[in-house]
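A structural walkthrough
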Amino acid sequence: MSSIVYLNGEYVPRSEARISVMDRGFLFGDGIYEIIGVYNGRLFRSEQHLERLQRSLMAIKIEHQFRIEEYEQIIQELLEQNNITTENKYIYIQVTRGISTTRSHNFPKPSVKPSIFMMLDDLVRPSFAQLQKGFKAITREDSRWKDCFIKTISLLPNVLLSEEAIENDATETILIHNGYAIEGSNSNLFNVKNGVIITPPKSEHMLGGITRELIIELAQQNNLPIKENNITLNDLYSSDEIWVTSASRDIMPIVNLDDQIIANGQVGPMWQQMQTIFQGYKDAL
Ligand code: PDD
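What comes next concerns the included structure.

Before going further, it helps to examine helix H2 (residues 46-59). Here H2 contains 14 residues, and its C-alpha end-to-end distance of 20 Å stays within 8% of the 20 Å for a straight helix at 1.5 Å per residue. Regarding H2, the residues found buried are Ser46, His49, Leu50, Arg52, Leu53, Gln54, Ser56 and Leu57. Residues of H2 that are buried sit in contact with strand E3 (31-39), strand E4 (42-43), helix H3 (68-81), strand E5 (89-96) and helix H6 (210-221). Residue lysine 61 follows H2 closely and has a positive phi angle near 65 degrees.

Let us now look at H3. In this model H3 runs 20 Å from its N-terminal to its C-terminal C-alpha over 14 residues, within 8% of the 20 Å that 1.5 Å per residue would give. Positive phi appears at asparagine 83, one or two residues downstream of H3, with a value of about 55 degrees.

With that settled, the discussion passes to the side chain of serine 115. Relative to the assigned elements, serine 115 resides in strand E6 (residues 115-122). Classification of serine 115 by relative accessible area gives buried; the value is 5%. Among residues more than four places away in sequence, those in contact with serine 115 are Asn8, Ile19, Asp23, Gln94, Val95, Thr96, Gly98 and Ile99.

One open sheet accounts for six strands, arranged E2-E1-E6-E5-E3-E4; its pairing is antiparallel. Across the chains shown, the open sheet's two edge strands, defined by having one partner strand only, are strand E2 (10-13) and E4. Here four bridges tie strand E1 (residues 4-7) to E2, and the two strands are oriented antiparallel to one another. By the bridge assignment, leucine 7 is partnered in E2 with glutamate 10. Running at roughly 175 degrees to E3, H2 makes contact with E3, E4 and E5 of the sheet. Packing of H3 onto the sheet brings it into contact with E1, E2, E3, E4, E5 and E6, and relative to E6 it is tilted by some 40 degrees.

Looking now at the site of the ligand. Residues in contact with the ligand amount to 20 residues; listed here are only the nearest, Tyr33, Glu183, Ile210, Thr211 and Ala247. A distance of 3.5 Å is found between a nitrogen atom of the ligand and a backbone nitrogen or oxygen belonging to asparagine 186. Between the ligand and isoleucine 210 there is a distance of 2.8 Å, counted from an oxygen atom to a backbone nitrogen or oxygen. When the ligand is considered free in solution it has 480 Å² of accessible area, and contact with the protein chains removes 91% of it. When contributions to the shell around the ligand are tallied by element, the ones reaching two or more residues are E3, H2, strand E9 (180-184), H6 and strand E13 (241-246). The residue makeup of the shell around the ligand, split by class, is five nonpolar, 11 polar and four charged.

Definitions and limits used
Residues numbered from 1 in each chain as written. Predicted model: local features only at pLDDT ≥ 70, side-chain atom pairs only at ≥ 80, totals over all residues. Heavy atoms only, no water. Helix = DSSP H or I, 4+ residues; strand = E, 2+ residues; numbered from the N terminus. Expected span 1.5 Å × (residues − 1). Buried < 20%, exposed > 50% of the residue type's maximum accessible area, 1.4 Å probe, protein only. Contact = heavy atoms within 4.5 Å. Pairing = 2+ DSSP bridges. Axes fitted to C-alpha atoms, helices over the stretch in contact; angles between N-to-C directions. Near = heavy atom within 4 Å. Polar contact = N/O pair within 3.5 Å; in protein donor to acceptor, adjacent residues only side chain to side chain. Areas by Shrake-Rupley, 256 points an atom, 1.4 Å probe, with all protein chains shown as cover. Nonpolar A, V, L, I, M, F, W, Y, C, P; charged D, E, K, R; others polar.

Below is the structure:
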């Protein structure tokens, strides 16, 4: 475990980091977060993640605290203080509306300083053998709110939906909204049909994933057919391949959905190809 964390201007051991019970993140889940992968000690797509962090802050009306370069400086300092040189980790960044003197739904007036917390944690990756075997997922109705493009720390629906996957020996819960598969409880969604990679179009009902964006870019650069299209539950069941993607999962192949075998139950050739391209991109950084 990486033990030095950043909290409101200080670098302290994680076990000694303290925040007030009056922090609005604690009382209301009033804040946003980001997760940035660190591969071989290097940040992966940090600019895109930090830009999304700024958009999330704007969407919930928290005044920008730092410029992107300032976040990057803190992250570099964290990597140094934790002696991260070649490891795979992820950076967790959380910004809340700050600490108020009373509990009121309304924003504190005058406004208070946002609370900023950052830590490093281990990136737990599936083994090569696990990836080659594929994973199981389940589907559930999407019980979240309508502003899922904001990366809010109010994650209770995601937490409960994700736990249902675990209760069903699965790795992820794919969320269905108005009959369409939108994304996972903490990942984006792709399927493959007749040689075409498909992912649901960006909307306020999903988080525009940075990994999703990169996969679209890499597919286009490598002439793999890809399009953004709505995916119904029936489309999913009759897919040739299903993948879920995120900064912490990379590209995970799903071979069993709601206890139904997808295609022949093996990880597909398009996944193999995209996985190799994705890994090559990371190794070249
Ligand atoms: N989750 N959709 C949701 C609801 C997510 O929570 C995530 C990521 C993604 C994928 O986004 P990205 O590719 O930028 O990681 C999509 C992070 C990893 C988490 O909450 O742990």
